[in-house]
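A closer look at the structure
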Amino acid sequence: MDLMEQGKVREALPLALDIAVREEALYGTNDYRTGDSLEQYAGVLLQTGDATEASKTLQRAVAIISRSKGENSAETIRLNDHLASAYLAAGRVDAAANVLKQNLRRIEKQFDV
């Protein structure tokens, strides 16, 4: 997003939301592209300091990516890391710890540890 690169975070927020809404309407709630656009929107929310809304948006993105790419996919694990970071930014340490523990179990499954 050019606005983000220019440091115009507040201006980027409604555009990021518009993109997420349009992609959800176009691709539906089970397509990874919707999850990706929600992740981008959450990133802008975090840049504005709205960690609570970013966490909610990332929860939706995780659910979509998990359905479309698989619960134990690298993409789901990566997105869960972002969710844990958003939880920490929102002061929700317990929620972040739970997500990270789930991720550890997913990684152990992937590598048969």
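Each value, and the rule that gives it
- Residues numbered from 1 in each chain as written.
- Predicted model: local features only at pLDDT ≥ 70, side-chain atom pairs only at ≥ 80, totals over all residues.
- Heavy atoms only, no water.
- Helix = DSSP H or I, 4+ residues; strand = E, 2+ residues; numbered from the N terminus.
- Rg over C-alpha atoms; globule rule 2.2 N^0.38 Å.
- Buried < 20%, exposed > 50% of the residue type's maximum accessible area, 1.4 Å probe, protein only.
- Contact = heavy atoms within 4.5 Å.
- Areas by Shrake-Rupley, 256 points an atom, 1.4 Å probe, with all protein chains shown as cover.
- Lys, Arg positive; Asp, Glu negative; His and termini not counted.
- Charge placed at Lys NZ, Arg CZ, Asp CG, Glu CD.
- Core = buried A, V, L, I, M, F, W, Y, C linked by side-chain atoms within 4.5 Å.
- Axes fitted to C-alpha atoms, helices over the stretch in contact; angles between N-to-C directions.
- Parallel < 35°, antiparallel > 145°, perpendicular 65-115°, else oblique.
- Left-handed = near helix turned anticlockwise from the far one by under 90°.
- Nonpolar A, V, L, I, M, F, W, Y, C, P; charged D, E, K, R; others polar.
- Phe/Tyr/Trp six-rings, centres within 6.5 Å; stacked < 30°, edge-to-face > 60°.
- Lys NZ or Arg CZ within 6 Å of the ring centre and 35° of its normal.

1. Topic: the overall build of the chain
- In terms of helices and strands, the chain carries six helices and zero strands.
- Taken over the C-alpha trace, the chain has a radius of gyration of 14 Å; the compact-globule value for 113 residues is 13 Å, and the two agree within 12%.
- Considering only C-alpha atoms, the chain reaches an extent of 45 × 35 × 20 Å along its principal axes.
- Considering the chain as a whole, with its 113 residues, one finds that 35% of them fall into the buried category.
- Considering only intrachain contacts with a sequence separation of at least 6, the fraction spanning at least 24 residues in the chain is 55%.
- By element, 51% of the accessible surface of the chain is carried by carbon and sulfur atoms, the whole surface being about 6600 Å².
- Considering the chain, the positive charge centre built from 14 side chains and the negative charge centre built from 17 side chains are found 4 Å apart.

2. Notes on the nonpolar core
- In this structure, Tyr-41, Val-44, Leu-58, Leu-79, Leu-83 and Tyr-87 are the most contacted members of the largest nonpolar core, which totals 24 residues.
- Listing elements by their share of this core, those giving two or more residues are α2 (9–27), α3 (32–48), α4 (51–69), α5 (74–89) and α6 (93–110).
- Considering each element in turn, this core owes the most residues, six residues, to α4.
- With residues up to four places along the chain from it excluded, the contact list for Leu-79 reads Glu-39, Leu-58, Ala-61, Val-62 and Ile-65.

3. Here's the deal with the packing of α3 against α4
- Relative orientation of the contacting elements α3 and α4 amounts to 160°, with a least axis distance of 8 Å. With respect to α4, the axis of α3 lies roughly antiparallel. The interaxial crossing formed by α3 with α4 has left-handed handedness. In contact with Tyr-32, Thr-34, Gly-35, Asp-36, Leu-38, Glu-39, Tyr-41, Ala-42, Leu-45 and Leu-46 of α3, α4 contributes Ala-51, Glu-53, Ala-54, Thr-57, Leu-58, Arg-60, Ala-61, Ile-64, Ile-65, Ser-68 and Lys-69.
- Partitioned by chemical class, the residues of the contact of α3 with α4 number twelve nonpolar, four polar and five charged.

4. A short note on the packing of aromatic side chains
- On inspection of all chains with the given rule, the structure shows zero aromatic pairs.
- In this arrangement the basic side chain of Lys-69 is found over the ring face of Tyr-32, its NZ or CZ atom lying 4.6 Å from the centre.

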